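Overview (structure and organization)
What follows is the residue order along each chain.
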Amino acid sequence: GHDFRNVTLVGVISGDVGLTQPDFRAAERTFQLLTQVAGRAGRGEKSGEAIVQSFYPGHYSIGYACHQDYEPFFDEEIRFRTEMQYPPTVAMVNAVVRARSLNAAMADAEQVAKILRNRSGFLVLGPAPAPITRLRGQYRAQLFLKGQSRRTMRTALLEAMVELPELRRRMIIDIDPLSLL
């Protein structure tokens with residue numbers, strides 16, 4: 001990282017803003033950013049400190065970041081992800097359906113979900129309006145699949161697209177999505 005020798009104090013305003021994001025990785029990203037920025041203070045011969053402003057000071061990612069406790073953070077985060085069935089303990093697929101209206105996008109996504117729920121080997125969550133509901137003049141609805149086999153989920157989605165060919169150009173399938181927005 002950057003080595004700013006005379007930096008002895010780092011202040012972080014709203015250090016927990018990332019925790020409000022609708023993404024299961026929010027705590028991990030918050031921890032990463034806070035530990036990275038705190039590491040900029042005191043890199044030279046002078047000691048340093050970081051001050052973090054937070055509305056959620058009791059959140060484990062904030063506390064462990066402030067103490068630079070990597071292993072306890074990992075233990076807490078992997079426990080959360082295991083309980084909630086999030087990666088890396090399961091595979092996840094995000095399917096986004098676009099339409100000219102939100103009602104149409106939701107109805108189309110519900111058709112996909114109905115077909116998928118007749119398959120086995122994975123869990124179907126949704127549909128729901130996407131966090132960024134309108135993008136480039138089109139409304140978006142999304143659904144998530146969680147399971148052990150990416151191939152099974154991918155095959156089921158491709159079969160749903162065969163049954164609903166009108167959605168072929170209006171559905172985006174993202175396996176192991178990096179962003180849930």
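Thresholds applied
Residues numbered from 1 in each chain as written. Predicted model: local features only at pLDDT ≥ 70, side-chain atom pairs only at ≥ 80, totals over all residues. Heavy atoms only, no water. Patch = residues over 30% accessible without salt bridge, like charges linked within 9 Å, V, L, I, M, F, W, Y side chains within 5 Å. Areas by Shrake-Rupley, 256 points an atom, 1.4 Å probe, with all protein chains shown as cover. Salt bridge = Lys/Arg side-chain N within 4 Å of Asp/Glu carboxyl O. Helix = DSSP H or I, 4+ residues; strand = E, 2+ residues; numbered from the N terminus. Axes fitted to C-alpha atoms, helices over the stretch in contact; angles between N-to-C directions. Parallel < 35°, antiparallel > 145°, perpendicular 65-115°, else oblique. Left-handed = near helix turned anticlockwise from the far one by under 90°. Contact = heavy atoms within 4.5 Å. Pairing = 2+ DSSP bridges. 1 Å grid on protein atoms, 1.4 Å probe; cavity = no way out; pocket = protein on both sides within 12 Å on 5 of 7 lines; lining within 4 Å. Points joined across faces, edges and corners; volume = space filled by probe spheres on them. Nonpolar A, V, L, I, M, F, W, Y, C, P; charged D, E, K, R; others polar.

Regarding a nonpolar patch on the surface
- Residues Ile-132, Leu-135 and Leu-181 make up a contiguous nonpolar surface patch of roughly 220 Å² in combined accessible area.
- Assignment of secondary structure puts Leu-181 in the segment after strand E6 (171–175).

Details of the pattern of salt bridges
- Taken as a whole and judged by the stated rule, the model has 10 salt bridges.
- One salt bridge connects Glu-110 with Arg-117, and the closest N-O pair in it is separated by 3.6 Å.
- As a salt-bridge pair, Glu-163 and Arg-119 come within 3.3 Å of each other at their nearest N and O atoms. Separated by 44 residues along the polypeptide, Glu-163 in helix H5 (residues 150–163) and Arg-119 in the loop between helix H4 (102–117) and strand E4 (122–135) bring together distant segments of the chain.
- Counted as one network, the salt bridges with shared partners bring together Asp-23, Arg-25 and Arg-29.

Observations concerning the packing of helix H1 (residues 26–38) against helix H3 (residues 70–84)
- Here H1 crosses H3 at 165°, and the two axes come no closer than 11 Å. The orientation of H1 relative to H3 falls into the category roughly antiparallel. Between H1 and H3 the crossing geometry is left-handed. Within the contact between the two elements, H1 uses Ala-27, Glu-28, Phe-31 and Thr-35 and H3 uses Tyr-70, Phe-73, Glu-77 and Arg-81.

So, the pairing of strand E2 (residues 49–52)
- Pairing between strand E1 (residues 9–12) and E2: four bridges, direction parallel. Opposite Val-12, over in E2, you have Val-52 as the bridge partner.

Details of the layout of surface pockets
- In this structure, the largest pocket encloses a volume near 220 Å³.
- Among the secondary structure elements, those contributing two or more residues to the lining of the largest pocket are H1, H3 and strand E5 (138–147).
- Here the residues of the lining of the largest pocket are counted per class, giving 12 nonpolar, one polar and four charged.
- The space that makes up the second largest pocket amounts to roughly 180 Å³.
- Lining the second largest pocket are 15 residues; nearest its centre among them are Gly-18, Gln-21, Arg-29, Thr-30 and Leu-33.
- Each residue belonging to the lining of the second largest pocket can be placed in one class, and the counts come to six nonpolar, six polar and three charged.

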